[in-house]
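# Examination of the molecular architecture
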Amino acid sequence: MKATAVAPANIALIKYWGKKDASLRLPLNASLSMNLSDAYAVTTVDFSPIYTEHQIVTPVAPFHKNSRPRKVMKCEALNQKEAGRIFSHMDMMQKRAGVHGKAKIATMNSFPKGTGIASSASGFAALTAAAAAALGLQYSEKELSILARLGSGSACRSIPDGFVLWEEGNSSETSFARSIFDHRWWDLRDIVIVVASGKKEISSAAGMEQVGTSPKLSDRLAAVPNRIKRAIDAIASKDIQTLGSVMEEDCLDMHAVMQSQVPALYYWTEETREIMDAVGQWRSGGLAVYFTIDAGPNVHLVCEGKNEKSVLEKVKELSGVQRVIVNKPARGVHLIAHHLY
Ligand code: PMV
């Protein structure tokens, strides 16, 4: 059976860095994220006994979100390692389902790789939901989140709707994400400022392997639960000042851990620093905008919808900006009737 799913990427407001079980992708700490409306993956999966190998094919049917022609979807060639990871995920899901046959997969992204948005999160969330439907399985949101996590950690946060909490759990069955507020709850923006689009040298998975060498890790792990609580309270009361402050505090703390690992991991560039400084100045000037940065040099600016225009005006003053992606909170993964082939 053929099925197609759309899944958003997500930005962690309170981040995870480090795993307590790398093969099960169990994180060292809980994290909190927001799904992104304009950074998503669309994936079609078909399982059939007539396919002798899993295969990735080029999409033939163009995808228009909401039936409106919009930005050209990216269909970048996957390398062997990426394809291998996708195929292992299909094997794992089939084994659990006890279904034979092989998968034919087509996938597209609304954003290019290397834009500071984790394409693996949207990709594995869409793949998991499409494969489950193609296998004829009725998984709950929790089960889909667990399966997506096994493909890529942060993918579990792209399954539920809107603002999402991933409790670290202490086993595969207890480590999954759930929605704490839906995407309509708060009209926030995540404005991604792309300053570098090359592939990063050290992936987050590889970087996380060395987390234990940072002398700052234990303090970070002790601080995160209270940050999560403050951030949830701030979202509940739509308090951008508190959410922004705790989000920046956590981002800087995660990067302090990365930078104090052995070998040190430094993802920022001059442009990153320039934007971080500029955000501080804009805020001193009365504009409520805050930054967060994942495992790369690109910067996410978080503000309320009413300030989107003012922030975009300020962004024009920055140098080295290659691309800007404006996101609103988005729903989680869902199936659609339009197939990519
Ligand atoms: O699960 P991964 O490999 O996408 O790692 C995500 C790591 C960070 O983006 C740096 C933090 C996070 O919680 O998203």
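Residues numbered from 1 in each chain as written. Predicted model: local features only at pLDDT ≥ 70, side-chain atom pairs only at ≥ 80, totals over all residues. Heavy atoms only, no water.

### Things to note about the overall build of the protein chain
From N to C terminus, the protein chain includes eight helices and 13 strands. Here the C-alpha radius of gyration of the protein chain, 19 Å, is about what a compact globule of 341 residues would show, namely 20 Å. With the principal axes as the frame, the protein chain shows a C-alpha extent of 60 × 45 × 35 Å. Relative to all contacts within the protein chain whose residues are 6 or more apart in sequence, the contacts with residues 24 or more apart total 77%. About 14,500 Å² of surface is accessible on the protein chain, with carbon and sulfur atoms providing 52% of the total. Seen as two clouds, the 40 positive and the 34 negative side-chain charges of the protein chain have centres 4 Å apart. (Helix = DSSP H or I, 4+ residues; strand = E, 2+ residues; numbered from the N terminus. Rg over C-alpha atoms; globule rule 2.2 N^0.38 Å. Contact = heavy atoms within 4.5 Å. Areas by Shrake-Rupley, 256 points an atom, 1.4 Å probe, with all protein chains shown as cover. Lys, Arg positive; Asp, Glu negative; His and termini not counted. Charge placed at Lys NZ, Arg CZ, Asp CG, Glu CD.)

### Points about the packing of helix 2 (residues 119-134) against helix 3 (residues 141-151)
Closest axis-to-axis distance for the helix 2/helix 3 pair is 9 Å, and the angle between their directions is 125 degrees. Accordingly, the angle class assigned to the pair helix 2 and helix 3 is oblique. Remark: the crossing between helix 2 and helix 3 carries right-handed chirality. When helix 2 is examined against helix 3, the residues Phe124, Ala125, Thr128, Ala129 and Ala132 are found in contact with a partner set consisting of Leu144, Leu147, Ala148 and Gly151. Class assignment of the residues belonging to the contact of helix 2 with helix 3 gives a composition of seven nonpolar, two polar and no charged. (Axes fitted to C-alpha atoms, helices over the stretch in contact; angles between N-to-C directions. Parallel < 35°, antiparallel > 145°, perpendicular 65-115°, else oblique. Left-handed = near helix turned anticlockwise from the far one by under 90°. Nonpolar A, V, L, I, M, F, W, Y, C, P; charged D, E, K, R; others polar.)

### Things to note about helix 6 (residues 240-259)
Look at helix 6: 28 Å from first C-alpha to last across 20 residues, which is about the 28 Å you get at 1.5 Å a residue. Measuring from the side-chain oxygen of the N-cap residue of helix 6 to the backbone nitrogen of Gln241 gives 3.2 Å; that N-cap residue is Asp239. (Expected span 1.5 Å × (residues − 1). Polar contact = N/O pair within 3.5 Å; in protein donor to acceptor, adjacent residues only side chain to side chain.)

### Focus on the nonpolar core
One finds Ile117, Phe163, Leu188, Ile235 and Leu243 to be the most contacted residues of the largest nonpolar core, which totals 32 residues. For this core, the secondary structure elements donating two or more residues are strand 1 (2-14), strand 4 (31-48), strand 7 (163-166), strand 8 (177-181), strand 9 (188-194), helix 5 (217-236) and helix 6. Element by element, the count of residues in this core is highest for helix 5, at five residues. The contacts of Leu243, once residues within four sequence positions are left out, are Leu13, Trp186, Leu188, Ala231, Ala234 and Ile235. Membership of the second largest hydrophobic core comes to 29 residues, among which are Ala7, Ala126, Ala132 and Ala133. (Core = buried A, V, L, I, M, F, W, Y, C linked by side-chain atoms within 4.5 Å. Buried < 20%, exposed > 50% of the residue type's maximum accessible area, 1.4 Å probe, protein only.)

### A short note on the packing of helix 5 against helix 6
Orientation of helix 5 relative to helix 6, taken along the N-to-C sense of each, is 160 degrees, at an axis distance of 9 Å. As judged from the angle between their axes, helix 5 and helix 6 are roughly antiparallel. Along this stretch, helix 5 crosses helix 6, giving a crossing that reads as left-handed. Residue-level inspection shows Leu217, Arg220, Val224, Arg227, Arg230, Ala231, Ala234 and Ile235 of helix 5 in contact with helix 6, the latter providing Thr242, Leu243, Val246, Glu249, Asp250, Asp253, Met254 and Val257. In the contact of helix 5 with helix 6, the residues fall into nine nonpolar, one polar and six charged.

### Details of unusual backbone geometry
Look at the link from Val262 to Pro263: it is a cis peptide, with omega at -5 degrees. By secondary structure assignment, the location of Pro263 is in the loop between helix 6 and helix 7 (270-284). Of note, Lys238 is a non-glycine position whose phi angle comes to about 50 degrees, a positive value.

### Comments concerning the site of the ligand
Surveying the vicinity of the ligand reveals the residues Ala12, Lys15, Tyr16, Trp17, Gly153, Ser154, Arg157, Ser204, Met208, Met254, Asp294 and Ala295. Ser154 places a polar side-chain atom, nitrogen or oxygen, 2.7 Å from an oxygen atom of the ligand. A distance of 3.1 Å separates an oxygen atom of the ligand from a polar side-chain atom of Ser204. Grouping the constituent residues of the shell around the ligand by class yields six nonpolar, three polar and three charged. (Near = heavy atom within 4 Å.)

### Here we look at the pairing of strand 11 (residues 299-304)
Among the six residues in strand 11, six count as buried, and that is most of the element. Neither face of strand 11 is open: one carries Val299, Leu301 and Cys303, the other His300, Val302 and Glu304, and all of them are buried. As defined by bridge partners, strand 9 adjoins strand 11 across six bridges and the pair is classed as antiparallel. Within the sheet, the bridge partner assigned to Ile193 lies in strand 11 and is Val299. For strand 10 (residues 289-292) and strand 11, the ladder comprises four bridges, and the chain directions are antiparallel. (Pairing = 2+ DSSP bridges.)

### Section: the confidence of the model for the protein chain
For the protein chain, mean pLDDT is 93; residues scoring 70 or higher make up 94% of the total. Scored below 50 in pLDDT, residues 68-72 shows six contacts in the model against residues more than four places distant or in partner chains. (pLDDT = per-residue confidence, 0-100.)

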